[in-house]
Amino acid sequence: MLLPSSFLESLDGLPGYDRALFEAAHAHADPITSIRINPSKPVDLSFSLERVPWTLFGSYVNPRPSFTFDPNFHGGAYYVQEASSMLLEQAFIQSGLQNQSIRALDLCAAPGGKATHLHSLLAPESLLVANEVIRARTGLLRDNIVKWGAENVVVTQNDPGQFERLPDYFDWITLDAPCSGSGMFRKDHEAITAWTPAQVNHCALRQQRILQSAWKALKPGGILFYATCSYSAAENEAIADWFIKEYEAVFQPIQLDSSWGVVETKNGYRCWPHFVKGEGFFFTCLKKIHSDVAVNPSYRFEKSKQIKKATLYPSLNGWVELAGMEVMEIGEELMALPKMYQADWQLIQQALNPLYAGIRLGKWMRDKLVPDHALALSNRLSSAVAKLPLDKQQAIAYLQRKEINADFGTKGWVVAAYQGLSLGWLNVLSGRANNYYPKGLRILKDHL
Ligand code: SAM
């Protein structure tokens, strides 16, 4: 792995940088794999785990198993995530927001690593908006949110500038900025050839723009978590310094155990691969003091779309735990959202472009529910719904969308489950069952 000399020279003098150690960490790196458990789902993992010390949920996995052939992965029992990124947990816990009902935003959320992590840390009565501007990346984000089983998440597709329509709105914003990606060189060799000083400058200008918009949407007293997976000071310390000066943002120091190897730098924290068991990462926490009420959204709020409260579905009770939830209709589709966030939902619909919200329950057809995949994976699935326990081989066949052989018992809709974890729907007819696992999610490979 030959690193560009202009890149290595650009790191000279940075806190914690040691060229020989840094090059060695790239030359002889054993790939590091880590996962983060979903605390709201049952999980019984067969592979060997070693805790990532800065999070309650993360573990290193060695050797790397086949995630594709693990039903737990498809059922949302865990997320495969780079370990340094999980430092978000320390920043969030130490922000003091953990036990409050808050509005949180992940502005650059796809594919959903930090958004699902943040969701596991939020008090249950909180609302999370997971946004991704690039449309092609929103499908994966939505799928990962659905897998996580959460009902208090809205997925949006908006440019950061459009969040200025919601001034002083969010208590917490995660801004995991698009960057030059040098921190991932060990995992993404193509990024090495793409790296140029001009690309770093281009990213830094974009980061400034995104940060300015995000800041407007942050409440006074709120915290913005800014992060990149770049080593370049221009995308990290220089951005934090500029922002603190220009916007009177206040840097929030975080206590980190020295054994973790994270280096404190000017107004932020760095993970170097020669000190931390993880990839390159920078983060900082900035507190907003002054309101932005002067920001007058020039935007005229749209009328809410054709979504109405649904009232006539008494039999939904056998499908979904509806306490504290409101059921809404979008055409034939039914979705459920926490009642306490109805006003926010209205506002988000008017100001942003929501693609998914709450739990999609399914379609109401001929007085019956045709359930949606999201309901099967939701933490709100009613315990009255029958589950069909599958062994690993059957579960994999189910996830490949094959016909499965089992003793189906009752007729009608049942949830295919592996070790108690819901995977999706089966519709049982006489002696056989139709497999309703979504085509787009199925395992394409035949064998390990
Ligand atoms: N937070 C994600 C996670 O933990 O899974 C990773 C986010 S990645 C570092 C940065 C994201 O920013 C990408 O999803 C990318 O599509 C998005 N992005 C690219 N250009 C952007 C822009 N101009 N404004 C906002 N986001 C952008």
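All values reported here derive from a predicted model rather than from experimental measurement.

## Here's the deal with the pattern of salt bridges
Step number 1: Enumeration according to the criterion identifies 14 salt bridges in this entry.
Step number 2: Across the pair Arg270 and Glu237 runs a salt bridge, and its minimum N-O distance is 2.7 Å. Note that Arg270 is positioned in strand S12 (residues 268-271) and Glu237 in helix H9 (residues 237-247), a separation of 33 residues in sequence. Pair check on accessibility: Arg270 and Glu237 agree, each one buried.
Step number 3: Where Lys266 meets Asp241, a salt bridge forms, and the shortest distance between an N and an O atom there is 3.0 Å. Within this pair, whereas Lys266 is found in the loop between strand S11 (263-265) and S12, its partner Asp241 is found in helix H9, the two being separated by 25 residues in sequence.
Step number 4: According to the relative accessible area criterion, Asp241 is buried, its value standing at 16%.

## Looking at the sheet that holds strand S2 (residues 49-51)
Step number 1: Here four strands make up an open sheet; going across it, the order is S2-S3-S1-S4 and the pairing antiparallel. With one partner strand each, in any of the chains shown, S2 and strand S4 (78-80) form the two edges of the open sheet. Taken pair by pair, the neighbouring strands of this sheet meet at an average axis angle of 35°, ignoring direction.
Step number 2: Relative to strand S3 (residues 58-61), S2 runs antiparallel, the two being bridged by three bridges. Within S3, the residue paired with Arg51 across the bridge is Ser59.
Step number 3: Those strands touched by helix H5 (residues 113-121) are strand S1 (34-37) and S4, and its axis lies near 35° from that of S1.

## Thoughts on the sheet that holds strand S22 (residues 421-428)
Step number 1: One open sheet accounts for four strands, arranged S20-S21-S22-S23; its pairing is mixed. Edge positions in the sheet fall to strand S20 (387-390) and strand S23 (433-435), since each of these pairs with one other strand and no more. On average, each strand axis in the sheet is inclined to that of its neighbour by 40°, with strand direction left out of account.
Step number 2: Across seven bridges, the pairing between strand S21 (residues 412-418) and S22 is antiparallel. Pairing of Trp413 across the sheet is with Asn427, part of S22.
Step number 3: Sitting on the sheet, helix H12 (residues 392-399) is in contact with S20, S21, S22 and S23, with an inclination near 70° to S22.

## Remarks on the site of the ligand
Step number 1: Lining the immediate surroundings of the ligand are 17 residues, of which Cys108, Gly113, Glu132, Arg137 and Asp176 lie closest.
Step number 2: Between the ligand and Gly112 there is a distance of 3.2 Å, counted from an oxygen atom to a backbone nitrogen or oxygen.
Step number 3: Computed on the free molecule, the ligand has an accessible area of 600 Å², of which 83% lies beneath the protein chains in the complex.
Step number 4: Residue classes in the shell around the ligand are distributed as ten nonpolar, two polar and five charged.

## Quick notes on the pairing of strand S7 (residues 153-156)
Step number 1: Burial of the side chains of S7 extends over both faces: Val153 and Val155 are buried on one face and Val154 and Thr156 on the other.
Step number 2: Summarising the sheet, strand S6 (residues 127-131) and S7 pair through four bridges and their orientation is parallel. When the sheet's bridge partners are listed, Val129 is paired in S7 with Val154.
Step number 3: Remark: the S6/helix H6 (residues 135-148)/S7 crossover connection has right-handed handedness.

## Some thoughts on the nonpolar core
Step number 1: One finds Trp54, Phe170, Trp172, Leu175, Leu224, Phe225 and Phe283 to be the most contacted residues of the largest nonpolar core, which totals 81 residues.
Step number 2: When neighbours within four sequence positions are excluded, Phe283 is seen to be in contact with Leu87, Ala91, Phe225, Tyr226, Ala227, Ile254, Leu256, Gly268 and Tyr269.

## Details of the pairing of strand S13 (residues 281-287)
Step number 1: Within S13, six of the seven residues are buried, leaving the element largely enclosed by the surrounding structure.
Step number 2: Note: strand S9 (residues 218-228) against S13, six bridges, orientation antiparallel. Within S13, the position partnered with Phe225 by the bridge is Cys285.
Step number 3: The pairing of strand S10 (residues 250-251) with S13 spans two bridges and is classified as antiparallel. Across the sheet, residue Val250 finds its bridge partner in S13, namely Lys287.
Step number 4: Judged from the three bridges that link them, S12 and S13 form a sheet pairing that is antiparallel. Directly across from Cys271, in S13, lies its bridge partner Phe281.

## Here's the deal with the environment of Gln349
Step number 1: Relative to the helices and strands, Gln349 is located in helix H10 (residues 342-351).
Step number 2: Overall, the relative accessible area of 2% leaves Gln349 in the buried class.
Step number 3: The spacing of Gln349 and Glu302 is 47 residues in sequence and 8.0 Å in space, taken between C-alpha atoms.

## Section: the side chain of Lys114
Step number 1: By the element assignment, Lys114 lies in helix H5.
Step number 2: Judged by relative accessible area, Lys114 falls into the buried class, the value being 9%.
Step number 3: When residues no more than four places from it in sequence are discounted, the contact partners of Lys114 are Gln81, Ser85, Leu88, Asp106, Thr174, Asp176 and Phe281.

## Overview of the packing of helix H8 (residues 197-217) against H9
Step number 1: Relative orientation of the contacting elements H8 and H9 amounts to 40°, with a least axis distance of 11 Å. If you check the angle between H8 and H9, you find them oblique. In the packing of H8 onto H9, the handedness of the crossing is right-handed. Seen from H8, the contacting residues are Ala204, Gln207, Gln208, Leu211, Gln212 and Trp215; seen from H9, they are Ile239, Trp242, Phe243 and Tyr247.

Rules behind the numbers
Residues numbered from 1 in each chain as written. Predicted model: local features only at pLDDT ≥ 70, side-chain atom pairs only at ≥ 80, totals over all residues. Heavy atoms only, no water. Salt bridge = Lys/Arg side-chain N within 4 Å of Asp/Glu carboxyl O. Helix = DSSP H or I, 4+ residues; strand = E, 2+ residues; numbered from the N terminus. Buried < 20%, exposed > 50% of the residue type's maximum accessible area, 1.4 Å probe, protein only. Pairing = 2+ DSSP bridges. Axes fitted to C-alpha atoms, helices over the stretch in contact; angles between N-to-C directions. Contact = heavy atoms within 4.5 Å. Near = heavy atom within 4 Å. Polar contact = N/O pair within 3.5 Å; in protein donor to acceptor, adjacent residues only side chain to side chain. Areas by Shrake-Rupley, 256 points an atom, 1.4 Å probe, with all protein chains shown as cover. Nonpolar A, V, L, I, M, F, W, Y, C, P; charged D, E, K, R; others polar. Right-handed = clockwise from strand over helix to strand, strands pointing away. Core = buried A, V, L, I, M, F, W, Y, C linked by side-chain atoms within 4.5 Å. Parallel < 35°, antiparallel > 145°, perpendicular 65-115°, else oblique. Left-handed = near helix turned anticlockwise from the far one by under 90°.

As far as function goes, none of this settles anything; it's purely spatial.
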